[in-house]
Amino acid sequence: MKLSVATSVVLFGLSQSTSAFAPSTSFAPTARTAAATTSLNAVSKKDSYSVTLLPGDGIGPEITAATKSVLKALCDRCGFQINLKEALIGGAAIDAKNDPFPDESLEQCRNSDSVLLACIGGYKWDNNPRELRPETGLLKMRKEMGLFANLRPAKVLDQLIDASTLKREIVEGVDVMCVRELTGDVYFGTPKGIEERNGERVGYNNMIYAEHEIDRIARVAGDVASKRGGKLCSVDKANVLDVSQLWREVVTGVIEKEFPEVELSHMYVDNAAMQLIRWPKQFDTIVCGNIFGDILSDEASMLVGSLGMLPSASLGEDGPGVFEPCHGSAPDIAGEDKANPLAMILSAAMMLKYDLDRPEEALILEQAVEAALDAKLRTPDIKQDGDGCELIGCEEMGQAVAKIVSEIDVPIAV
């Protein structure tokens, strides 16, 4: 039975409440479809899926291995298959192919039902020319696959509230969704470069947005906000930037016309950065351009105490999405079994929900992660002195979540 957005789920042996890692309500990104009421998934529910796995660099292979074990337990338990096929991206691709995102990797991603990415980058490639840096491969993937909308949830969990560097009264109850435009702005604008002028080098980039690019991300944000708390804050720098003046005008027009039930506000980016620390509970859904969203979503992520807990989804108008943890490759702990795999496991849950039409199975993963935290299991990034929790490594955390998944009762749609 294929679930609609409104379908309820009954869980036996699980809490029947929505997972803490999920948005407040179901989300169907309208920009992926011709109409706002059509399917939220790239593919229809089926018995076997093809998924491209991009382990990347640093701790990537470790959290990938942990996530694979969890997905295997899920498939064994629920009676379907996810055929994982690895491909190269980032520094690993540079070393093997002298290309941060080879054409064969792009083609494999395009032909998959979905893409699961670990992380890219590392000190080894920092001094490479721009075209041979891992981040260039990531930007190419987003552009070539049309992944214009990035969703980053930041919800503070009761189990980890003391892991935040902010006071309990500031972060308790925080539940923010950052919707970031991903394929425009200063990261992709032209002209750009470094050249000599008047006897010195000058570097320049172009912060640019076309109206249709703002329009489509505003629709996604409006849809997200309408299915959460009904509040949307658009972040810009309209007091000094022409591009932000256009951003504010287009966002206002879209929300007022198509989402009149959503309470829209505007905030300058410098104030938004301050308010996220001062009073984060004022925010429900935030929509930003690429560079502002890059910064603010990382800041919002740290409200929960660790980037190692936060998943993300990058979606286009059609075709497969890319699902990845918010954290980086952490080369300083690579190979030491200290990484936290939970964000990648939760990214796999987002993949099941948004790309593979498996919302029940996604909920199993989300609840299994919460159960592991309830069991007081902690990786080094979320372990606090005197918290009474057991310190474990990446591999053991993956095994623990996989065991919970294999034992948990399967939800039944009604």
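Okay, so let's go over this structure. (Residues numbered from 1 in each chain as written. Predicted model: local features only at pLDDT ≥ 70, side-chain atom pairs only at ≥ 80, totals over all residues. Heavy atoms only, no water.)

Details of the overall build of the protein chain
For the protein chain, the helix and strand inventory stands at 12 helices and 16 strands. Burial analysis of the protein chain (414 residues in total) assigns 55% to the buried set. When contacts within the protein chain are restricted to residue pairs at least 6 apart in sequence, long-range pairs at least 24 apart make up 77% of them. Element-wise, carbon and sulfur atoms account for 50% of the exposed surface of the protein chain, whose accessible area totals about 17300 Å². (Helix = DSSP H or I, 4+ residues; strand = E, 2+ residues; numbered from the N terminus. Buried < 20%, exposed > 50% of the residue type's maximum accessible area, 1.4 Å probe, protein only. Contact = heavy atoms within 4.5 Å. Areas by Shrake-Rupley, 256 points an atom, 1.4 Å probe, with all protein chains shown as cover.)

Focus: a negative patch on the surface
There is a patch of like negative charges on the surface, built from Asp337, Glu390, Glu395 and Glu396. Positionally, Glu395 belongs in helix α12 (residues 394-407). (Patch = residues over 30% accessible without salt bridge, like charges linked within 9 Å, V, L, I, M, F, W, Y side chains within 5 Å. Salt bridge = Lys/Arg side-chain N within 4 Å of Asp/Glu carboxyl O. Lys, Arg positive; Asp, Glu negative; His and termini not counted. Charge placed at Lys NZ, Arg CZ, Asp CG, Glu CD.)

Re the packing of aromatic side chains
Under the definition given, this model contains two aromatic pairs. A centroid spacing of 6.1 Å and a plane angle of 90° characterise the contact between Tyr49 and Phe80, whose relative ring orientation is edge-to-face. Separated by 31 residues along the polypeptide, Tyr49 in strand β2 (residues 48-56) and Phe80 in the loop between α1 (60-78) and β3 (81-86) bring together distant segments of the chain. According to the relative accessible area criterion, Tyr49 is buried, its value standing at 1%. Judged by centre distance (5.4 Å) and plane angle (55°), the rings of Tyr209 and Trp247 are tilted. Highlighted residues: Tyr209 in the loop between β8 (200-204) and α6 (211-226) and Trp247 in helix α7 (residues 242-258), separated in sequence by 38 residues. On the basis of relative accessible area, Trp247 is assigned to the buried category, the value being 3%. (Phe/Tyr/Trp six-rings, centres within 6.5 Å; stacked < 30°, edge-to-face > 60°.)

With respect to unusual backbone geometry
In this structure, the amide linkage connecting Thr190 to the following residue, Pro191, adopts the cis form with an omega of 5°. For Pro191, the position within the fold is in the loop between β6 (175-181) and β7 (193-197). Here Asn98, not a glycine, exhibits a phi torsion of approximately 55°, which is positive. With respect to the helices, strands and loops of the structure, Asn98 is situated in the loop between α2 (91-97) and α3 (103-110). Judged by relative accessible area, Asn98 falls into the exposed class, the value being 52%. Although it is not a glycine, Asp185 sits at a positive phi angle of roughly 75°. With respect to the helices and strands, the residue Asp185 is situated in the loop between β6 and β7.

Section: the sheet that holds β3
Remark on secondary structure: sheet strands pair via backbone hydrogen bonds, oriented parallel or antiparallel. Sheet architecture is open: 10 strands sit in the order β3-β2-β4-β13-β12-β5-β6-β11-β9-β10, paired in mixed fashion. Each having just a single partner strand, β3 and β10 (263-268) make up the two edges of the open sheet. The average angle at which neighbouring strand axes cross in this sheet is 25°, direction not considered. One ladder, built from six bridges, connects β2 with β3; its direction is parallel. Looking at the pairing, Ser50 lines up with Asn83 of β3. (Pairing = 2+ DSSP bridges. Axes fitted to C-alpha atoms, helices over the stretch in contact; angles between N-to-C directions.)

A word on α7
In a regular helix each residue adds 1.5 Å, so 17 residues correspond to 24 Å; α7 covers 24 Å between its end C-alpha atoms and thus fits that length. Among the structural elements, β6, α6, β9 (231-236), β10, β11 (285-288) and α9 (290-301) are those in contact with the buried residues of α7. (Expected span 1.5 Å × (residues − 1).)

Here we look at α6
With 16 residues, α6 should reach 22 Å at 1.5 Å per residue; the first-to-last C-alpha distance of 22 Å fits that figure. Within α6 the residues assigned to the buried category are Glu213, Ile214, Arg216, Ile217, Ala218, Val220, Ala221, Gly222, Asp223, Val224 and Ala225. In the core, the buried residues of α6 are packed alongside β5 (149-155), β6, β9, α7 and β11.

A look at the pattern of salt bridges
Under the criterion given, the structure shown has 27 salt bridges. Across the pair Asp270 and Lys237 runs a salt bridge, and its minimum N-O distance is 2.9 Å. Linking Asp270 in helix α8 (residues 269-278) with Lys237 in the loop between β9 and α7, this pair joins segments that are 33 residues apart in sequence. Taking relative accessible area as the criterion, Asp270 reaches 45% and is therefore assigned partly exposed. Through salt bridges that share partners, Lys155, Asp175, Arg228 and Asp284 make up one connected network.

Examining the packing of helix α10 (residues 342-354) against helix α11 (residues 359-374)
Closest axis-to-axis distance for the α10/α11 pair is 7 Å, and the angle between their directions is 160°. Between α10 and α11, the angle falls in the class roughly antiparallel. Classified by chirality, the crossing of α11 by α10 is left-handed. Residues Leu342, Ile345, Leu346, Ala348, Ala349, Leu352 and Lys353 of α10 lie in contact with α11, whose contacting residues are Pro359, Glu361, Ala362, Leu365, Glu366, Val369 and Leu373. The residue inventory of the contact of α10 with α11, partitioned by class, reads 11 nonpolar, no polar and three charged. (Parallel < 35°, antiparallel > 145°, perpendicular 65-115°, else oblique. Left-handed = near helix turned anticlockwise from the far one by under 90°. Nonpolar A, V, L, I, M, F, W, Y, C, P; charged D, E, K, R; others polar.)

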